[in-house]
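# Summary of the model geometry
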Amino acid sequence: LIFKLDYYNIKSYYKKHIFQIDSMLPHYLKSIEILIQHYTVPVALGKSIYDAPEIFKDGLQDMINEINSGDDTINPYMNFAKKYPVRDSMRMMRLLYRLSLGSQERKQEQLIVFSRTISNLQAKSRETKYKERLEKMEKKTMTMLVATGAGVMVILVLSILQTFT
């Protein structure tokens, strides 16, 4: 039971915050992209932690600690992606890892690929947000139409009953 409690706490945390994580990750990655143009990936990650959204700070600190302890494999990046399992997080972390490995000659080329991917991710995020907003407005409109229709029907029934009595 105690083991299940931790699992349920983590599961409920992600259910509550998954939308927030999904919408903030592309914007955070865009800020990292700007830093990567001037610094190496590990240094850019370290510098970005202070400006990172609060929800990512723990995961970032863990990732930076793993990288600084000498782990130059993809594992720190994948652990971060597993901690924040939203759309394309694994792919973005693989791209970040490749950027950290790349030589300076290929860095610009890889940065362009990273930038395009982030821009696509931001567009998807905006599209999702607008779609959800539209669905919410459609639901409100339908509720108003149903309420208005029901009100008119009640008034019609009452007026018919009144004419017959």
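These notes cover the structure that comes with them. (Residues numbered from 1 in each chain as written. Predicted model: local features only at pLDDT ≥ 70, side-chain atom pairs only at ≥ 80, totals over all residues. Heavy atoms only, no water.)

Before going further, it helps to spend a moment on the overall build of the protein. Within the protein, the regular secondary structure consists of 6 helices and 0 strands. Beginning at the N terminus, the succession of helices and strands in the protein can be written as α-α-α-α-α-α. A compact globule built from 165 residues should have a C-alpha radius of gyration of about 15 Å, whereas the protein, at 25 Å, is more than 25% larger. If you line up the protein on its principal axes, its C-alpha atoms span 90 × 45 × 25 Å. Burial status across the protein gives 30% buried among its 165 residues. Put simply, of all contacts in the protein between residues at least 6 apart along the chain, 60% involve residues at least 24 apart. With the model as given, the accessible surface of the protein reaches about 11,300 Å², and the carbon-plus-sulfur share is 61%. Side chains of the protein give 24 positive and 17 negative charges; the mean places of these two sets differ by 6 Å. (Helix = DSSP H or I, 4+ residues; strand = E, 2+ residues; numbered from the N terminus. Rg over C-alpha atoms; globule rule 2.2 N^0.38 Å. Buried < 20%, exposed > 50% of the residue type's maximum accessible area, 1.4 Å probe, protein only. Contact = heavy atoms within 4.5 Å. Areas by Shrake-Rupley, 256 points an atom, 1.4 Å probe, with all protein chains shown as cover. Lys, Arg positive; Asp, Glu negative; His and termini not counted. Charge placed at Lys NZ, Arg CZ, Asp CG, Glu CD.)

According to the stated counting rule, one finds 3 aromatic pairs in the structure shown. Ring geometry for Tyr28 versus Phe56: centroids 5.8 Å apart, planes at 35°, classification tilted. Taken together, the residues span a long stretch of sequence, with Tyr28 in helix 1 (residues 2-36) and Phe56 in helix 3 (residues 54-68) at a distance of 28 residues. Overall, Tyr28 belongs to the buried group, its relative accessible area being 4%. Through a chain of ring-to-ring contacts, the aromatic side chains of Tyr28, Phe56 and Phe80 assemble into a single cluster. (Phe/Tyr/Trp six-rings, centres within 6.5 Å; stacked < 30°, edge-to-face > 60°.)

So, on to the pattern of salt bridges. Per the counting criterion, the structure on display carries 3 salt bridges. Between Glu33 and Lys30 there is a salt bridge; the shortest N-O distance is 3.1 Å. Of the two residues, Glu33 and Lys30 both sit in helix 1, 3 residues apart, roughly one turn of that helix. Residues Lys83 and Asp62 are paired through a salt bridge, measuring 3.6 Å at the closest nitrogen-oxygen approach. Taken together, the residues Lys83 in helix 4 (residues 75-83) and Asp62 in helix 3 connect sequence positions 21 residues apart. For Lys83, a relative accessible area of 29% translates into the label partly exposed. Judged by relative accessible area, Asp62 falls into the partly exposed class, the value being 38%. (Salt bridge = Lys/Arg side-chain N within 4 Å of Asp/Glu carboxyl O.)

Those residues of helix 2 (residues 41-48) lying buried are Val41, Ala44, Leu45 and Ser48. Along the axis of helix 2, the buried residues cluster in a sector spanning 100°; they form a single face. (Arc of directions from axis to C-beta.)

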